[in-house]
Structure formats: structure tokens, C-alpha cells
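Observations on chain architecture
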Amino acid sequence: MTTPAAPSLFDTLALNGVPLRNRLAVAPMTRISATAAGVPTEAMTRYYAGFARGGFGLIVTEGIYTDRAYTQGYAGQPGLTDAQQVAAWRQVVAAVHQQGGRIVAQLMHAGALSQANRFRDHTVGPSAVQPKGLQMTVYAGKGPYRMPRAMEEADILQAIEGFAQAARLARDAGFDGVEIHGANGYLLDQFLTSYTNQRQDAWGGSIAQRMRLPLETVRAVRVAVGAGFPVGVRISQGKVNDFVHKWPEGAEGAAAVFSALAASSVDYLHVTEHEAWQPAFADDGATLVQLARRAAPGLTIMANGSLHEPSRAASLLDDGATLVALGRGALANPDWPVLVREGQPVRPFDAAVLAPLGNIKDAEQALREARATVTPG
Ligand SMILES: Cc1cc2nc3c(=O)[nH]c(=O)nc-3n(C[C@H](O)[C@H](O)[C@H](O)COP(=O)(O)O)c2cc1C
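Our subject in this report is the structure included herewith. Going along each chain's sequence as written, the residues are numbered from 1 onward. This being a predicted model, a pLDDT of at least 70 is required before a residue's local features are given, and a value of 80 or more before pairs of side-chain atoms are given or counted; all residues contribute to the totals for chains, interfaces and linings. The side-chain figures draw on all heavy atoms in the structure; neither hydrogens nor water molecules are used.

This part is about the pairing of strand S8 (residues 177-181). Consecutive side chains of a regular strand alternate in pointing toward one face of the sheet and then the other. For every residue, the accessible area obtained with a 1.4 Å probe (protein chains only) is divided by the maximum for its type, and the residue is called buried under 20%, exposed over 50%, and partly exposed between those limits. Numbering of helices and strands runs from the N terminus; a helix is a DSSP stretch of H or I covering at least four residues, while a strand is a stretch of E covering at least two. Of all the five residues making up S8, five are buried; the element is thus mostly covered by neighbouring parts of the structure. The alternating pattern of S8 places Gly177, Glu179 and His181 on one face and Val178 and Ile180 on the opposite face, and all of these are buried. The pairing criterion is simple: DSSP has to find at least two bridges between the two strands. Note: S8 against strand S9 (residues 231-236), four bridges, orientation parallel. Counterpart to His181 in the pairing with S9 is Arg234.

As a further point, take the site of the ligand. The immediate surroundings of the ligand are formed by 18 residues, with Pro28, Thr30, Asn304, Ser306 and Arg328 found nearest. Nitrogen and oxygen atoms within 3.5 Å of one another constitute a polar contact, given that in protein one can donate a hydrogen and the other can accept it, and given that sequence-neighbouring residues count only through two side-chain atoms. Between an oxygen atom of the ligand and a side-chain N or O atom of Thr272, the distance comes to 3.4 Å. With respect to the ligand, the backbone of Gly327 contributes an N or O atom lying 2.7 Å from an oxygen atom. Note on areas: Shrake-Rupley, 1.4 Å probe, and residue coverage restricted to the protein chains presented here. Protein coverage of the free-state accessible area of the ligand, which is 610 Å², stands at 87%. When its residues are assigned to classes, the shell around the ligand shows six nonpolar, 10 polar and two charged. In these notes, residues near a molecule or strand are those with any non-hydrogen atom within 4 Å of it. In this classification, Asp, Glu, Lys and Arg are treated as charged, Ala, Val, Leu, Ile, Met, Phe, Trp, Tyr, Cys and Pro as nonpolar, and every other residue, Gly included, as polar.

A separate point is the environment of Arg102. Structurally, the position occupied by Arg102 is in strand S5 (residues 102-108). Taking C-alpha positions, Arg102 is 8.5 Å from Phe56, a pair spaced 46 residues apart along the chain. Whether two residues touch is decided by their heavy atoms; if any such pair falls within 4.5 Å, the residues are in contact. Arg102 has contacts with Val18, Pro19, Leu20, Gly57, Leu58, Ile59, Val96, His97 and Asp176, leaving out every residue within four places of it along the chain. A distance of 3.5 Å separates a polar atom in the side chain of Arg102 from the backbone oxygen of Pro19.

This brings us to the packing of aromatic side chains. Stacked, tilted and edge-to-face are the three classes assigned to paired rings of Phe, Tyr and Trp, where Trp is represented by its six-membered ring and a pair needs centres within 6.5 Å; plane angles under 30 degrees give stacked, over 60 edge-to-face, the rest tilted. On inspection of all chains with the given rule, the structure shows eight aromatic pairs. When the centroid spacing of 6.1 Å and the interplanar angle of 80° are considered together, the rings of Phe51 and Phe56 count as edge-to-face. The pair Phe51 / Phe56 is uniform in exposure class, with both members buried. An aromatic cluster is built from Tyr47, Tyr48, Phe51, Phe56, Trp89 and Phe175, whose rings are joined through pairwise contacts. By definition, being over a ring means that NZ of Lys or CZ of Arg is both within 6 Å of the ring centre and within 35 degrees of the ring normal. Between Arg212 and the ring centre of Trp203, over which it is positioned, the NZ or CZ distance is 3.7 Å.

Moving on, we get to the sheet that holds strand S10 (residues 268-272). Whether parallel or antiparallel, the strands of a sheet pair through hydrogen bonds between backbone atoms. As summarised here, the arrangement of the eight strands in space is S3-S4-S5-S8-S9-S10-S11-S12, forming a closed barrel in which the pairing is parallel. Each strand axis lies, on average, 25° off the axis of its neighbour in the sheet, ignoring direction. For strand S3 (residues 24-26) and strand S12 (residues 323-326), the ladder comprises three bridges, and the chain directions are parallel. Across the sheet, the residue bridging to Ala25 is Ala325, located in S12. Lines fitted to C-alpha atoms define the axes, with helix axes restricted to the stretch in contact, and inter-axis angles between N-to-C directions lie between 0 and 180 degrees.

Counting residues in each nonpolar core, the largest one holds 92 residues, and the members touching the most others are Tyr48, Leu80, Phe258 and Leu269. For this core, the element with the most residues is helix H3 (residues 153-172), which contributes nine residues. Beyond its immediate sequence surroundings of up to four residues, Leu269 is in contact with Val233, Ile235, Phe258, Leu261, Ala292, Leu299, Thr300, Ile301 and Met302. As used here, the term nonpolar core means buried Ala, Val, Leu, Ile, Met, Phe, Trp, Tyr and Cys residues forming a set that is joined through side-chain atoms within 4.5 Å. Membership of the second largest hydrophobic core comes to 13 residues, among which are Val18, Leu58, Val104 and Leu323.

Our next topic: unusual backbone geometry. Between Ala355 and the following residue, Pro356, the backbone shows a cis peptide bond with an omega angle of -5°. Inspection of the secondary structure assignment puts Pro356 in the loop between helix H11 (336-341) and helix H12 (362-371). The phi torsion at Ile32 lies on the positive side, around 35°, for a residue other than glycine. Inspection of the secondary structure puts Ile32 in the loop between S3 and helix H1 (42-53). The phi angle at Ala140 is positive, at roughly 65°, despite the residue not being glycine. With respect to the helices and strands, Ala140 occurs in the loop between strand S6 (124-125) and strand S7 (149-150).

As C-alpha cells, then:
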């Protein structure tokens, strides 16, 4: 028998009562492969089951839109808003469970970054601020983002209710938990970010006030699903349209964000950075995971960001992370846990898999199925 390259990654764990066979998660990745009606497809079922077959303990789904108003971001994005979508997600969940994996649904409101939404012809955000950058071409976007309409109080309450209702539907579909997408520049992060949130009311202002929407969302989701269902939240500094953004409040701001979440009812915090082992701020040598661990000593923390080398992944556990999530590393190696456990090298990520569009490709599926054939215990 070979010695595992990074044994601690293979320790078991319980997430609010849900047993995980190891500390290895698949990071959420949008693959625009649902039907035009937002219904998950057979290709998605095979895709997600492949990661479970390859040994990942937990899968976080792609960002799922949560209501039939302003939440959808992309054509081909799946939703959790109706019975047909729930029925199709049930197939995905069952296929993952059959391979010994667990799966949580990432709940996402695209806000001002919405590129396509079949329910509305305009976007909303905290304030009427044009998003930086250009729409993502891998998700069929073109040109600048639209100027959003500043949300009214009623829009904000509707957004919160959408998260809560989608969480209920996720539970009905058999998911093992939900992850609230509070990162990467989407709606909740637009509220957290000072330059996109210029509100003068109780939803804007200091970093504590800008955290109000993420915290109210956590509260509503918890009420919707009850105490015994895992709820996580994802947080980042960088954004899909502003990769290098740093919280202007620095390490103190990070402490405010993470201690507020630690005091909320979340079961886990998902922290993502481009390179998770790098210092979070120039003036402080700590990684964002270390800052999160200081502010939230008892919380389960999932670390993400260029951690596909096993030694890097293990080093984040030393920083205080409880689990490690792999994005591109999992696309290149749906069987990463099997390979690493056996001491085999991991394959480099080839961006061609996401070209010209980010949808799941037949050739990708065939390769995955040929590779990921063993389920570790
Ligand atoms: C194709 C693709 C789609 C992504 N979609 C999402 C998403 O839906 N939700 C999300 O929170 N992050 C999304 N991300 C970001 C990843 O979860 C992850 O943070 C990023 O890839 C960095 O991790 P890595 O270095 O392990 O790839 C996506 C990344 C990729 C490559």
C-alpha cells in the first residue's frame, strides 16, 4: 500500500451532522449546461457524479439562480425555482450519493453582473453603478455590463426571500446543504463592496452595515431550512470583473466580516482567493484563511484558490482550514483524491476545456469517465 501524499486531507469530517469521507471538495463552477428553462440535464448528472466517483467528499454545485425575478446571470444556468428543476436536481443528488459523495447547492443572485435573464430585461444592484470590466465571453456575454437599477427596499426583501425559498427547494431535492454565494462580485458581494454599494440607507455605510444583506440572507435561509441542515457562505475579496480587489479596511475589515459570520448561524465559511496561500493584504502576512480562523475560531472553514498541488492543499489545513476546495484542479482531475491518495501526479489544467464556451463538452465527459473509475473508501 502506498502512503497518502497528504494524509490530513483524507481525514473524515461531519458538517452539521452530514458525514464527509474526506476534506476534499469541488469548488463551485458555472458550466451553463442546463436547458433554457434552467432545468439540470443528464450531462450535468454525469458530470457531478464523476467528481464523486473520483473520490471527492463534497461537491459544491455551480451558482444556481434563486428566483424568477433578477437572480439569473447566464443563459444555460440552472435554477431552483420550480418543481421541474427540483426533480432534475434530485437525479443529480442521487447520482452523487450513489458514488459516496455529498453535494451542496450554491445559491446565487447575479445582481448587476447578470448577463442574461429570461425573466427581466434589466439588472439591479445596490446602487446605479456600472460594473467594471466586460461581460464574460465563456458565458456568451459581449461588451460592457448593463447599468443596474438601484434596488428598492422591496427588491431587497424579494431577493432575501428568493434565497430562502431556493434553500427550501434544495432541501426538498435531497441536497446535503446549501452555500450562499456571497463572493466574486455577485449581488451579496456588491452590497459588501464600498464602490458598488453607495446606499445612504440601512443597507449601506460601514463594512458592518454593508454586511447586513449577507447576514439577513443567512438568517432567512436558516429559518427556511431549520437547524439541522448545513448552511455555508462563500466570501472573497476578488471579483470576476475586478480580480485584484482588496478590502480597503484591510485586516480589520476582514476581522469584521468574519466575526459577523461567526456570530451568525452558518455551519461553514468558504474563503476564496486567487492564490489562497498568499498574504491577504500587503500590510499583514496572514492569509485570508488565517484571518478567518482568528476571527472565527470554532467555525468550519473551506479554503479555495490554486490549491491543486497536494502540498499546497495540505498547507492550507495548517493555516486553519477544515476543508480544501479545488476548481480548475478538479476539472483537470475529477479523480484528484484517488490520484493523490495513490501518490500519482496530478494533471495540469487546460483552459481549452472552457473554450469557446464554458459548457460541459462530450469529449470532456468521455475522458472523465475513462479516468475516474475507482472509488476510495
Ligand atoms: C469554469 C469556472 C466556473 C466558475 N463558476 C463559479 C460559480 O458558479 N460560483 C463560484 O462561487 N465560483 C465559481 N468559480 C470560481 C471557482 O469556484 C474557484 O474559486 C476558482 O476557480 C479558483 O479556484 P481554483 O484555483 O481551484 O480553480 C468558477 C471557476 C471556473 C474555472
